[in-house]
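A closer look at the structure
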Amino acid sequence: MEPSIEYKIVLPDNPFTIGVFLSGGLDSAILYYILLKLNAGKHTIVPLTLVKNVHSVKFAQNILNYIHSSLSLPPAPIKVLPGVDVKNSINEMYSDGFQQVYVGQIKELPEFLVGWESTAHPENRFFKAPFKNLTKAEIVKLVIEQKQETLFYLTHTCATQEVGRCGECNRCRERKWAFDSLALTDPGVL
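The written sequence of each chain sets the order in which its residues are numbered from 1. Given that the model is predicted, a residue must reach a pLDDT of at least 70 before its local features are reported, and side-chain atom pairs must reach 80 or more before they are shown or counted; all residues, however, enter totals for whole chains, interfaces and linings. The basis for every side-chain value is the complete set of non-hydrogen atoms in the structure, without hydrogens or water.

1. Topic: the packing of helix 4 (residues 136-145) against helix 6 (residues 170-181)
Geometrically, a packed helix pair is captured by the angle between its two axes and the distance between the axes. Contact geometry of helix 4 with helix 6 gives a least axis separation of 8 Å together with a crossing angle of 65 degrees. Regarding helix 4 and helix 6, the two cross each other, and that crossing is right-handed. Residues Lys136, Ala137 and Val140 of helix 4 form the contact with helix 6, whose participating residues are Glu174, Arg175, Trp177, Ala178, Phe179 and Ser181. Gly counts as polar in this scheme, as do all residues outside two lists: the nonpolar Ala, Val, Leu, Ile, Met, Phe, Trp, Tyr, Cys and Pro, and the charged Asp, Glu, Lys and Arg. A per-class count over the contact of helix 4 with helix 6 returns five nonpolar, one polar and three charged. What counts as an axis is a line fitted to C-alpha atoms, over the stretch in contact for a helix, and the angles between N-to-C directions run from 0 to 180 degrees. By definition, any uninterrupted DSSP run of H or I lasting at least four residues is a helix, any uninterrupted run of E lasting at least two residues is a strand, and each is numbered from the N terminus. Left-handed is the label given to a crossing in which the near helix is rotated counterclockwise from the far helix by less than a right angle, and right-handed is the label when the rotation is clockwise. Contacts are residue-level and defined by heavy atoms, with any inter-residue pair within 4.5 Å sufficient.

Right, dumping it as structure tokens:
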């Protein structure tokens, strides 16, 4: 059997208030699922999203609803932050009393950064990016390993279309590459 995907999440011993950014995409969705599964009710985990467009909030809430239902947890509202930039929002979260913030930041391959700036942000005791060394293909494997394939249908990838996929933007090409490199067909169309 192939070894499981390696990442490191160590939740604090003391009860913390932890924020998790949900973009509506696959990386943050599986991160949120794993954090809730590991938490076992010890910490307050708050799902966060940014106002990029009205659809990102909708996708993030749909993912949240699904994950809570699959883990038999009560429904939870997503906290919508006014900004559009994770880096700026991290400072606000610290000021608001959060003790940790998690982001589904993955390894950025140069071919999927064409015309974009890197979003990588270094980890510290407050900011956590446990998937920073994983590629999108490894995220797809992780979703399968966690038996959360429904997330393939619920997540939204495209950076240019609010519904569907353009197939041309960096995010669409990266997701296609991930499934192709694993010889899988992407069942999602959002």
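2. Remarks on the packing of aromatic side chains
Stacked, edge-to-face and tilted labels apply to pairs of Phe, Tyr and Trp rings (six-membered ring for Trp) whose centres lie within 6.5 Å, assigned for plane angles under 30 degrees, over 60, and everything in between, in that order. Across all of its chains, the model carries two aromatic pairs by this definition. On the basis of an interplanar angle of 85 degrees and a centroid distance of 5.4 Å, the ring pair of Tyr7 and Phe131 is categorised as edge-to-face. One end of the pair, Tyr7, is in the segment before strand 1 (17-21); the other, Phe131, is in the loop between strand 5 (127-128) and helix 4, with 124 residues separating them in the sequence. Note on exposure labels: buried denotes an accessible area under 20% of the residue type's maximum, exposed denotes more than 50%, and partly exposed covers the range between, all computed with a 1.4 Å probe on protein chains only. Residue classification places Tyr7 among the partly exposed positions, given a relative accessible area of 26%. A cation sits over an aromatic face here: Lys58 above Phe59, 4.8 Å from the ring centre. To sit over a ring, a charge needs its Lys NZ or Arg CZ within 6 Å of the ring centre and within 35 degrees of the ring normal.

3. So, the state of the cysteines
Here, two cysteine sulfur atoms that lie within 2.5 Å of each other are counted as a disulfide. Evaluation of the coordinates by the stated rule reveals zero disulfides. Cys158 forms no disulfide, and the closest cysteine sulfur to it belongs to Cys166, at a distance of 3.6 Å. The thiol sulfur of Cys172 is not disulfide-bonded, and the nearest other cysteine sulfur, from Cys169, lies at 3.6 Å. Relative accessible area serves as the criterion here: at 4%, Cys172 is assigned to the buried category.

4. Details of the environment of Tyr153
Looking at the element boundaries, Tyr153 is found in helix 5 (residues 150-154). Sequence spacing of Tyr153 and Ile63 is 90 residues, and the spatial spacing of their C-alpha atoms is 9.8 Å.

5. Details of the sheet that holds strand 2 (residues 44-50)
Picture the strands of a sheet paired through backbone hydrogen bonds; they go either parallel or antiparallel. Judged by pairing direction, the sheet is parallel, and its five strands sit side by side in the order 3-2-1-4-5 without closing on themselves. Single-partner strands in this sheet number two, and they are strand 3 (79-81) and strand 5. One ladder, built from five bridges, connects strand 1 with strand 2; its direction is parallel. From the neighbouring strand, Gly19 faces strand 2, where its bridge partner is Val46. The sheet contacts of helix 1 (residues 26-39) involve strand 1, strand 2 and strand 4 (100-102), and relative to strand 2 the element is tilted by about 170 degrees. For two strands to be treated as a pair, DSSP must find at least two bridges joining them.

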